[in-house]
Amino acid sequence: MNIVLIFDQGLAGAGGKSNPNVGLTAVKGGIGSALMMESHLDKIGAKVAATLYCGNEYFLNNQEEVVTKMTAMVKKVKPDFVVCGPCFNFPDYAKMAAMISAFILEKTDIKSCAMMSVENGETIADYKDKTPIVKMPKKGGTGLNDSFSDLCDLIKATVEASGDLESIKERVCY
C-alpha cells in the first residue's frame, strides 16, 4: 500500500519558523517526521511513496495554488491513501492539511485524511464534514503513538473498504 504524506516545512525537516516561504516541494519516499510514523505504517504494509510539503507562509499567500498543485502531484503518484499531517496544534498547517485533504476527496478518487489536535477547533469545525480528521495530541502532549495506531486503523479500513470503517471513524476522528 502506497502512502503520500503532506507536511509543512517544519515536519519535512526543511526549517521551522526560520524558513516559512519554502515553495512546493515533492520528495520521493518519507522525510522528516515520516520516520516517527514508519513503524506504525509497517504494521499495515504501508510505505511512504512521496512526501509533499511547503512553508506555512507560502501556503497562506498562495492557498489556491498550493491546494490545486498538491492535488495534481498526488494524482501523478497515484497512492492508495494521502495523510495530511500530523499537524499537532499548528493552526496554519492544520488549515492547509484540511483544505488539501478535502480537495483531494472532492476532485479525485484517492482516499485522504487530515490529522490534528483539538486546539485547531476552528479548522476542525470547518472541515470535519468534508474530510476525516484523526485526533492527535498537541506538540509535547501524550498519546502520539496511539494516534498513529488510530491513523493506521483508518487507512487500512478505508483502503480495504472494510465494514468497520464508520465505527473506526467514530472512534478516531472528530
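Residues numbered from 1 in each chain as written. Predicted model: local features only at pLDDT ≥ 70, side-chain atom pairs only at ≥ 80, totals over all residues. Heavy atoms only, no water.

### Considering helix 7 (residues 144–159)
Look at helix 7: 22 Å from first C-alpha to last across 16 residues, which is about the 22 Å you get at 1.5 Å a residue. Residues Ser147, Phe148, Asp150, Leu151, Cys152, Leu154, Ile155, Ala157 and Thr158 constitute the buried set of helix 7. Turning to helix 7, the residues buried within the fold contact strand 1 (2–8), helix 2 (38–43), strand 4 (81–84), strand 5 (111–116), strand 6 (133–135) and helix 8 (165–172). Of the residues trailing helix 7, Ala161 is marked for its positive phi of about 50 degrees. (Helix = DSSP H or I, 4+ residues; strand = E, 2+ residues; numbered from the N terminus. Expected span 1.5 Å × (residues − 1). Buried < 20%, exposed > 50% of the residue type's maximum accessible area, 1.4 Å probe, protein only. Contact = heavy atoms within 4.5 Å.)

### Things to note about the packing of helix 4 (residues 63–77) against helix 5 (residues 91–107)
At their nearest, the axes of helix 4 and helix 5 sit 9 Å apart, and the two run at 50 degrees to each other. Put simply, helix 4 runs oblique to helix 5. Crossing angle aside, the handedness with which helix 4 passes helix 5 is right-handed. For the pair helix 4 and helix 5, contact is made by Gln63, Val66, Val67, Thr68, Met70, Thr71 and Val74 and by Lys95, Met96, Met99, Ile100, Phe103 and Ile104, respectively. Residues that form the contact of helix 4 with helix 5 fall into these classes: 9 nonpolar, 3 polar and 1 charged. (Axes fitted to C-alpha atoms, helices over the stretch in contact; angles between N-to-C directions. Parallel < 35°, antiparallel > 145°, perpendicular 65-115°, else oblique. Left-handed = near helix turned anticlockwise from the far one by under 90°. Nonpolar A, V, L, I, M, F, W, Y, C, P; charged D, E, K, R; others polar.)

### Observations regarding the packing of helix 7 against helix 8
The angle between the axes and the distance between the axes are what describe a pair of packed helices. With their axes 9 Å apart at the nearest point, helix 7 and helix 8 run at an angle of 160 degrees to one another. Of the possible angle classes, the one that applies to helix 7 and helix 8 is roughly antiparallel. For the element pair helix 7 and helix 8, the recorded crossing hand is left-handed. Contacts from Asp150, Asp153, Leu154, Ala157 and Thr158 in helix 7 reach Leu165, Ile168, Lys169, Arg171 and Val172 in helix 8.

### Observations regarding the nonpolar core
Core analysis: the largest hydrophobic core is formed by 60 residues, its most contacted members being Ile6, Ile100 and Leu151. Not counting residues up to four positions away in its chain, the partners in contact with Leu151 are Met37, Val83, Cys113, Met115 and Val134. (Core = buried A, V, L, I, M, F, W, Y, C linked by side-chain atoms within 4.5 Å.)

### Re the packing of aromatic side chains
Considering all chains together, one arrives at 1 aromatic pair under this definition. Above the plane of the ring of Tyr127 lies Lys130, whose end atom (NZ or CZ) is 5.0 Å from the centre. The lysine or arginine in question, Lys139, covers the ring of Phe88, its NZ or CZ lying 5.7 Å from the ring centre. (Phe/Tyr/Trp six-rings, centres within 6.5 Å; stacked < 30°, edge-to-face > 60°. Lys NZ or Arg CZ within 6 Å of the ring centre and 35° of its normal.)

### Comments concerning the sheet that holds strand 5
Strand order in the open sheet formed by 6 strands is 2-3-1-4-5-6, and the pairing between neighbours is mixed. Strands at the two margins of the open sheet, each flanked by one partner only, are strand 2 (25–28) and strand 6. Strand-to-strand twist in this sheet, taken as the mean axis angle between neighbours without regard to direction, amounts to 25 degrees. Examined bridge by bridge, strand 5 and strand 6 share 3 bridges and lie parallel to one another. Within strand 6, the position partnered with Met115 by the bridge is Val134. Along the sheet face, helix 7 touches strand 1, strand 4, strand 5 and strand 6 and points at about 165 degrees away from the line of strand 5. (Pairing = 2+ DSSP bridges.)

### Some thoughts on helix 4
When the terminal C-alpha atoms of helix 4 are compared, their 21 Å separation across 15 residues agrees well with the 21 Å that a helix rising 1.5 Å per residue should span. Along helix 4, the residues that are buried comprise Val66, Val67, Met70, Thr71 and Val74. Summarising the axial view, the buried residues of helix 4 lie within an arc of 120 degrees, below the 170-degree limit, and thus occupy one face. In helix 4, the exposed positions angled more than 90 degrees off the buried face are occupied by Glu64 and Lys76. For helix 4, the elements touching its buried residues are strand 1, strand 3 (47–54), helix 3 (56–61), strand 4 and helix 5. Looking at the residues trailing helix 4, positive phi occurs at Lys78, about 55 degrees. (Arc of directions from axis to C-beta.)

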